[in-house]
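Structure at a glance
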Amino acid sequence: MANNNYVPLFETKQVKGRLFFRCIAASIFLGICFIVMYRVMFFPVGGKAERWTWIGLFLSELWFCLYWFLTTVSRWNSVYRLPYIDRLSQRFGKELPGIDILVCTADPLMEPPSMVVNTVLSVMAYDYPPEKLSIYLSDDGGSDLTFYAMLEAANFSKTWLPFCKKLKVEPTSPEAYFRTASEPVNAEEWLSVKKLYDGMKMRIEATTKLDRIPDYIRKQHKGFHEWDFITHKHDHQTILQILIDGRDTNAVDIEGNPLPTLVYLAREKRPQYHHHFKAGAMNALIRVSSRISNGPIILNVDCDMYSNNSKSIKYSLCIFMDEEKGDEIAYIQFPQKFNNLTKNDIYGSSFRVIQQLELAGLDANGGPMYIGTGCFHRREALCGKQYEKNYKVDWKKLNDTKANESASLLEETCKVLASCTFEHNTPWGKEMGLKYGILVEDIITGLSIKCRGWKYMYLNPEREGFLGVAPTILLQLLVQHTRWAEGHLQIFLSRYCSLVYGYKRIPLKLRLAYCPFNLWAANCLATLYYVVVPCLFLLKGFSLFPMISSPWVVPFVYVALVHRAYSLSEFLWVWLFNRTTSYFFAFFQTILKLLGYSQLTFALTAKVSDENISKRYEQELIEFGATSPMFDILATLAMLNLFGSFGAIKMVILDADEDFKVLDQFGLQILLCLVLVTVNLPVYQALFFRKDNGKMPSSVTYKSIIFALLACTVAMY
Ligand SMILES: O=c1ccn([C@@H]2O[C@H](COP(=O)(O)OP(=O)(O)O[C@H]3O[C@H](CO)[C@@H](O)[C@H](O)[C@H]3O)[C@@H](O)[C@H]2O)c(=O)[nH]1
Ligand SMILES: [Mn+2]
């Protein structure tokens, strides 16, 4: 643009420490070269078994190197963006675009309506003109409990929104706000709003507990009639209710200000039609919202993530509306952060490396991934539009595209958009909206938008944009990671593999930067090899690493230490457990699906747990407490390394007279075993010492001992 007075609405800065990171990367590379040299030069000349084991170990190390290279590409160049909202207000004043906020929920038991309501209220209270906001909730649980909660929210918003504005409340989720905020000096109004909120919460929780809406409530809203004939949550008509019609001049808060539009949708479900999980829900919402408010910008949030920063919309608009760079942007992703982490974040849910380094790195390489929640989309781009050079948006023209029909007419005419058959023979789920058929619909959708020529950005403001609920039970975490790893591998093995699909469409760096995520699951083989084989060969008396007295030890120790050092803030056990169980399961399930032996299922993550589990979580005790093949594997591997370490200690003691030759020869192998034993300490504790219900079930204990003993016996004889 040839405008000399142009002042950008945002700036791009480099993440600090880039030089340091690159020096470390170079030194790791050097270390890797030495490791490869060692493996080639010291190839065993002895027996066949030894040679094959050596080759296996070498291949695992080559895999780790390749993986390291790919992650380094994604971290090489990291940037962050600084939006200037005061400039936005100066330049655009009241001419801001309409924003449609799409929230998804799927099950009133696993995602309690009281939580959903908080998410909805938090986004209703954005610091943005309410007449330009429309909030849509998709309820895949098709539950009148959730519907009722939304009615309550609609009512409470009349008090909550002016209260937030007046007190500059942050965060705007009432639950999160009242949990942390201290009572102000002049507290009368504050207390009355709190009381109102507590009353609403109590009523919602009471109906959820009852699992039924009492008749006297049912009579209060026509919408409940929709449930009169529903017998199953997967077999019902479309339910669409406009709870607040923002166009209605009577829809005002207690101070007479307009309210945002609020819509409840439970799309049609029939057993004979696949509903495509969240992607299907989002596509139905995109269509329905396009008829009702048609906001050019769409914000997508999961029901378990509330808005924690009321400026997020304005931040994103600084990018979308920047006259020079904004028009090519398809989406702006915020990181997924959580508000229920414990002090030491025992399950590593803060994803520090991913959120601070890798997504910022992807941003510099051409754009972050779309990670399903906390993402602002340009409607056109999400609906399949190809980016054309010199494409320009006229924001003024985009205003006022709202429907004219009455709310009840709209409710009727929009129903068809959310029916099971609407998408037949249309590009929905393929070129339009979110893509179907992959468990991480978000990632694949983001990638295909990029391949249509658009750009995207990552925004990670100091005050987090969204805060969600991270799993508090180990098994749930592993199941969630299995779903992610499986979805990613599915992408890698499909025609959407970034390397192939992105060829000539997106930069090579970006194609490569997708790979470490897509290949999460593939890590399992090399990791399992490294966890099992050196330990067994220690018992067998075969050395696989350089002698402690030889200089070749240095690169091994250096690479292992430094490579893990950036992630030291995350506990090693999460890293290990994921690689040996979730990734392992994801790997095999993906293969089974490719061969047609298994079908896609989306295992919803539970957002609540019982009181005892929550207590243990707060005490930072890892929650096992269930039988699962994943735990059998975990425990067996832990026992194996324990036996390996015992064997090694015995060998060292017996050898004490001979100048510790054993220690010299097997030092690194013993060290590896001992490190694994240390990482597994919580597992031993859960297997043998804990008394609470979060301990490992005894069947797992017996099985793991037997399997590990068997493996050791086979190795030794
Ligand atoms: O049939 C379904 C299944 C899920 N959901 C919703 O999808 C969201 C994500 O489900 P959740 O169980 O919370 O999974 P997470 O692993 O926490 O989700 C992450 O990973 C998913 C892909 O696996 C992305 O869709 C999510 O946005 C991302 O937050 C929730 O709002 C659900 O209500 C539906 O609407 N319909
Ligand atoms: Mn979630």
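The model shown is predicted, which means the values in this text are computed figures rather than measured ones.

**Quick word on the overall build of the protein**
- When you go through the protein residue by residue, the secondary structure sums to 26 helices and 13 strands.
- Expressed along its principal axes, the backbone C-alpha trace of the protein runs to roughly 90 × 65 × 60 Å.
- Looking at the 717 residues of the protein, the share that counts as buried comes to 59%.
- At a minimum sequence separation of 6, the contacts of the protein that also span at least 24 residues come to 83%.
- Carbon together with sulfur atoms contributes 60% to the accessible area of the protein, which is approximately 31200 Å² in total.

**A few points about the domain arrangement of the protein**
- With domains assigned, the protein is organised as domain 1 (85-470) and domain 2 (515-716).
- Look at where the C-alpha atoms of domain 1 and domain 2 centre, and you get two points 40 Å apart.
- Contacts between the two partners involve 30 residues from domain 1, matched on the other side by 24 residues from domain 2.
- Summing both sides of the interface, domain 1 and domain 2 together bury roughly 2400 Å²; the carbon and sulfur share of this comes to 68%.
- On the domain 1 side of the interface with domain 2, the three residues burying the most area are Met110, Ile346 and Tyr347, jointly 28% of the side's total.
- Connecting domain 1 to domain 2 are two salt bridges.
- With a closest N to O distance of 3.9 Å, Lys607 and Asp304 form a salt bridge.
- Taken together, the links from domain 1 to domain 2 amount to eight residue pairs in polar contact (both at pLDDT 80 or more).
- By residue number, the principal contributor to the side of domain 1 that touches domain 2 is helix α11 (residues 352-365), which donates five residues.

**Side note on the state of the cysteines**
- Tallied over the entire structure, the rule returns zero disulfides.
- For Cys497, which is in no disulfide, the shortest distance to another cysteine sulfur is to Cys515 and amounts to 5.8 Å.
- The structure places no disulfide on Cys535, whose sulfur is separated from the nearest cysteine sulfur, that of Cys673, by 3.9 Å.

**Topic: helix α9 (residues 277-292)**
- Taking 1.5 Å per residue as the helical rise, α9 with its 16 residues ought to reach 22 Å, and the 23 Å between its terminal C-alpha atoms agrees with that figure.
- Burial analysis of α9 places 14 of its 16 residues in the buried class, the great majority of the element.
- Within two residues after α9, Asn294 carries a phi angle of roughly 55 degrees, on the positive side.

**Description of the site of ligand 1**
- Lining the immediate surroundings of ligand 1 are 26 residues, of which Asp140, Lys278, Glu441, Arg483 and Lys607 lie closest.
- Contact between ligand 1 and Lys607: an oxygen atom at 2.7 Å from a side-chain N or O atom of the residue.
- Notes on ligand 1: free accessible area 680 Å², of which the protein chains cover 96%.
- When residues of the shell around ligand 1 are traced back to their parent elements, those giving at least two are β3 (99-105), α9, α15 (441-451) and α16 (474-492).
- At three residues, α16 tops the list of elements feeding residues into the shell around ligand 1.

**Side note on the nonpolar core**
- Core analysis: the largest hydrophobic core is formed by 153 residues, its most contacted members being Ile101, Trp160 and Leu317.
- Among the elements that take part in this core, helix α5 (residues 144-167) stands out by supplying 13 residues, more than any other.
- If you count residues domain by domain, this core takes at least three from each of domain 1 (85-470) and domain 2 (515-716).
- Beyond its immediate stretch of four places on either side in the chain, Leu317 contacts Leu9, Leu88, Leu96, Pro97, Ile99, Tyr128, Ile297 and Asp322.
- In this structure, Tyr38, Leu637, Leu640 and Met696 belong to the second largest nonpolar core, which totals 72 residues.

**A closer look at the sheet that holds strand β12 (residues 455-458)**
- If you walk across this open sheet you meet the eight strands as β5-β6-β4-β3-β7-β11-β9-β12, and the pairing is mixed. One side of each edge strand has no neighbouring strand; the edge strands of this open sheet are β5 (239-244) and β12. Across the sheet, the mean angle from the axis of one strand to that of its neighbour is 20 degrees, orientation sign disregarded.
- Bridge count between strand β9 (residues 329-333) and β12: four bridges; the pairing is parallel. Residue Gln333 lies in a different strand from β12, and its bridge partner there is Tyr458.
- Of the strands in this sheet, β3, β4 (133-139), β5, β6 (261-266) and β7 (297-302) touch α9, which is tilted by about 150 degrees from β3.

**Things to note about a nonpolar patch on the surface**
- A contiguous nonpolar surface patch, about 800 Å² in accessible area, is contributed by Leu493, Leu525, Phe588, Ile591, Leu592, Leu594, Leu595 and Tyr597.
- When residues of the nonpolar patch are assigned to their parent elements, the largest contribution, four residues, is made by helix α21 (residues 572-594).
- Of note, Leu493 is situated in the loop between α16 and α17 (498-501).
- Among the residues examined, Leu493 registers a relative accessible area of 40% and is labelled partly exposed.

What counts and how
Residues numbered from 1 in each chain as written. Chains lettered and ligands numbered in written order. Predicted model: local features only at pLDDT ≥ 70, side-chain atom pairs only at ≥ 80, totals over all residues. Heavy atoms only, no water. Helix = DSSP H or I, 4+ residues; strand = E, 2+ residues; numbered from the N terminus. Buried < 20%, exposed > 50% of the residue type's maximum accessible area, 1.4 Å probe, protein only. Contact = heavy atoms within 4.5 Å. Areas by Shrake-Rupley, 256 points an atom, 1.4 Å probe, with all protein chains shown as cover. Domains from an automatic or database assignment. Buried area = accessible area lost by both parts, 1.4 Å probe. Salt bridge = Lys/Arg side-chain N within 4 Å of Asp/Glu carboxyl O. Polar contact = N/O pair within 3.5 Å; in protein donor to acceptor, adjacent residues only side chain to side chain. Disulfide = S-S within 2.5 Å. Expected span 1.5 Å × (residues − 1). Near = heavy atom within 4 Å. Core = buried A, V, L, I, M, F, W, Y, C linked by side-chain atoms within 4.5 Å. Pairing = 2+ DSSP bridges. Axes fitted to C-alpha atoms, helices over the stretch in contact; angles between N-to-C directions. Patch = residues over 30% accessible without salt bridge, like charges linked within 9 Å, V, L, I, M, F, W, Y side chains within 5 Å.

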